[in-house]
Amino acid sequence: MALMPKRVKFRKCHRGRVRGLAHRGNRVVFGDYGLQALEAGWVSAREIEAGRVAANHFLAREGKVWIRVFPSKPVSKKPAETRMGGGKGEPEEWVAVVRPGTVLVELGGIAEDLAKQTLNRVAHKLSVKTRFVGGG
Amino acid sequence: MANLKLVVERRSGTGRRACRVLRREGRIPAVLYGRNQEVIPLMVTAEALRSALKVESPIVDLDVAGKPESALIKDVQYDPMGETILHVDFTRVAMDEEIEIAVPIEPRGRPAGAEEGGVLEQTVKEIQVTCLPSNIPNAIVVDISALKLGDSLHVRELTLPPGVRTAVAGEIVVFLVARPLEEKPEAAEEKERLEPELIRPEGRGEAEEKEAVAEEEKKKGGEKS
């Protein structure tokens, strides 16, 4: 099951603009290694879940994985072949707003080469460019 | 071991604009303070600072316009991407007075519990220690190879180098070889949840309901007449 909030105040929200750099959540805090976003964008709950599954499958219960982003923004979409108008579409998916510098995933308790291989697999599931970062 | 010497200059300009100019010129703004003495705004070349940060000891001998000062690199500010150094804080230290400093804890070896499927968790990454500036350890190295599945290592079990002590509570867990969490099969209820629940203030909800009922009645009345 993909991540989504349990309770929300509003079902739909504006798209907004993703400006600037990540001034928080930009350091590896929990684990030893991390995956840092290099560009701004939206990372969907589906991508996050795919990354998590890929990491857990590759690690085969070794080490620990932390997901540092949460998809709290609803993205609505109008159905296919619908004429314009009639109000805003229904919520389609949930996304996490990502700024350059955001640490998306962290790994701990494993060797660096294994962490690099794992995070490379996670990076392939994400829609933003990322890089491997060490802790400390 | 002699401390690394770092040549720094006094800077006259302070504030955002002056600091930006400095950074463009390849110099990094810094500040020296502590021991109830004058606060001195400084600047240091980026190359010199990078080489000082590579050395493991955090104590440096500053040369402030010919006047030597022993200082501790207290804080280094980086940009959000973690690449560029923005500012450095130096604090004066006396080599014969104890200071309190955070030292990283590093595990050595592979825990025995890892063979049984355990996952090593490090709950404390740094520990506050008190020691003389000349005795600051680079890291507190801990041999974790004896830890079995379910075992934990506490602060009181850490072997600190001579002349180093800590005031951190001994019962705090530093390392833990935990059992891996089983992935729970999703509950049917979870699967059915397609949309989150809406948060409605209780009082307001009732009022809105009453309003809606009143409006409906009004409409009905209008139709009759």
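Everything below is about the structure shown above.
The notes below deal with the structure included here. (Residues numbered from 1 in each chain as written. Chains lettered and ligands numbered in written order. Predicted model: local features only at pLDDT ≥ 70, side-chain atom pairs only at ≥ 80, totals over all residues. Heavy atoms only, no water.)

1. Structural notes on the overall build of chain A
Next up, step 1: A count of helices and strands for chain A gives two helices and eight strands.
Next up, step 2: In sequence order, chain A lays out its α and β elements as β-β-β-α-β-β-β-β-α-β.
Next up, step 3: Based on the C-alpha atoms only, the size of chain A along its principal axes is roughly 55 × 30 × 25 Å.
Next up, step 4: Among the 136 residues that make up chain A, the fraction classed as buried is 40%.
Next up, step 5: For chain A, the accessible area works out to roughly 8,000 Å², and carbon and sulfur atoms hold 51% of it.
Next up, step 6: Charged side chains in chain A number 26 positive and 12 negative. The centres of these two groups are separated by 9 Å. (Helix = DSSP H or I, 4+ residues; strand = E, 2+ residues; numbered from the N terminus. Buried < 20%, exposed > 50% of the residue type's maximum accessible area, 1.4 Å probe, protein only. Areas by Shrake-Rupley, 256 points an atom, 1.4 Å probe, with all protein chains shown as cover. Lys, Arg positive; Asp, Glu negative; His and termini not counted. Charge placed at Lys NZ, Arg CZ, Asp CG, Glu CD.)

2. Observations regarding the interface of chain B and chain A
Next up, step 1: Between chain B and chain A, the contact holds 24 residues from the first and 34 residues from the second.
Next up, step 2: Counting each side, the surface lost to burial between chain B and chain A is near 2,400 Å², with a carbon and sulfur contribution of 49%.
Next up, step 3: Applying the counting rule to chain B against chain A returns six salt bridges.
Next up, step 4: Between Glu197 of chain B and Arg7 of chain A there is a salt bridge, and its shortest N-O distance comes to 3.7 Å. (Contact = heavy atoms within 4.5 Å. Buried area = accessible area lost by both parts, 1.4 Å probe. Salt bridge = Lys/Arg side-chain N within 4 Å of Asp/Glu carboxyl O.)

3. Looking at the nonpolar core
Next up, step 1: Core analysis: the biggest nonpolar cluster contains 24 residues, and Ile105, Val129, Val142 and Phe175 of chain B have the highest contact counts within it.
Next up, step 2: The set of elements that each furnish at least two residues to this core consists of strand S7 (99–108), strand S9 (126–131), strand S10 (140–143) and strand S13 (173–178) of chain B.
Next up, step 3: Sorting elements by how many residues they give to this core places S7 of chain B first, with four residues.
Next up, step 4: There are two domains that each give this core at least three residues, and those are domain 1 (4–94) and domain 2 (100–178) of chain B.
Next up, step 5: In this view, Ile105 of chain B contacts Gln122, Val124, Lys125, Glu126, Ile127, Ile140, Val142, Leu158, Val174 and Phe175 of chain B; residues no more than four positions away in its chain are not counted.
Next up, step 6: Within the second largest apolar cluster, 20 residues are counted, among which are Tyr33, Val43, Ala55 and Val105 of chain A. (Core = buried A, V, L, I, M, F, W, Y, C linked by side-chain atoms within 4.5 Å. Domains from an automatic or database assignment.)

4. Describing the environment of Leu62 of chain B
Residue and element names in this part refer to chain B.
Next up, step 1: Here Leu62 is to be found in strand S4 (residues 59–64).
Next up, step 2: Separated by 54 residues in the primary sequence, Leu62 and Val8 place their C-alpha atoms 6.6 Å from one another.
Next up, step 3: For Leu62, the residues in contact, after removing those within four places along its chain, are Leu6, Val8, Leu32, Leu42, Lys67, Pro68, Glu69, Ala71 and Phe90.

5. Comments concerning the pairing of strand S2 (residues 33–37) of chain A
Residue and element names in this part refer to chain A.
Next up, step 1: Where burial is concerned, most of S2 is hidden: five out of the five residues are buried.
Next up, step 2: Side-chain alternation along S2 places Tyr33, Leu35 and Ala37 on one buried face and Gly34 and Gln36 on a second face that is also buried.
Next up, step 3: Two elements, S2 and strand S7 (residues 103–108), share four bridges in a ladder whose sense is antiparallel. Counterpart to Tyr33 in the pairing with S7 is Leu107. (Pairing = 2+ DSSP bridges.)

6. Some words on a positive patch on the surface
All names here are of chain B.
Next up, step 1: Taken together, the side chains of Arg16, Arg17, Arg20, Arg23 and Arg24 define a basic patch exposed on the protein surface.
Next up, step 2: Along the chain, Arg17 falls in helix H1 (residues 16–24).
Next up, step 3: Note on Arg17: relative accessible area 74%, which makes it exposed. (Patch = residues over 30% accessible without salt bridge, like charges linked within 9 Å, V, L, I, M, F, W, Y side chains within 5 Å.)

7. A look at the pattern of salt bridges
All names here are of chain B.
Next up, step 1: If you walk through the whole model with that rule in mind, you get 19 salt bridges over all chains.
Next up, step 2: Two residues, Glu97 and Arg35, come together in a salt bridge whose shortest N-O distance is 3.0 Å. Here the residue Glu97 occupies a position in the loop between strand S6 (85–92) and S7, and Arg35 occupies one in the loop between strand S2 (27–33) and strand S3 (40–45), the gap between them amounting to 62 residues.

8. Remarks on helix H2 (residues 46–54) of chain B
All names here are of chain B.
Next up, step 1: Looking at H2, one finds that the buried residues are Ala46, Leu49 and Ala52. Take H2 and look down its axis: the buried residues cluster within an arc of 125 degrees, on one side only. Summarising the geometry of H2, the exposed residues directed more than 90 degrees from the buried face are Glu47 and Lys54.
Next up, step 2: Buried residues along H2 sit in contact with strand S1 (4–10), S2, S3, S4 and S6. (Arc of directions from axis to C-beta.)

9. A word on the sheet that holds S13 of chain B
Residue and element names in this part refer to chain B.
Next up, step 1: Read from one edge of the open sheet, three strands run S8-S13-S11, paired in antiparallel fashion. The open sheet is flanked by strand S8 (119–122) and strand S11 (152–154), the only strands paired with a single partner. Averaged over all pairs of adjacent strands, the angle between strand axes in this sheet comes to 10 degrees, irrespective of strand direction.
Next up, step 2: The pairing of S11 with S13 spans three bridges and is antiparallel. Within S13, the position partnered with Ser152 by the bridge is Leu176. (Axes fitted to C-alpha atoms, helices over the stretch in contact; angles between N-to-C directions.)

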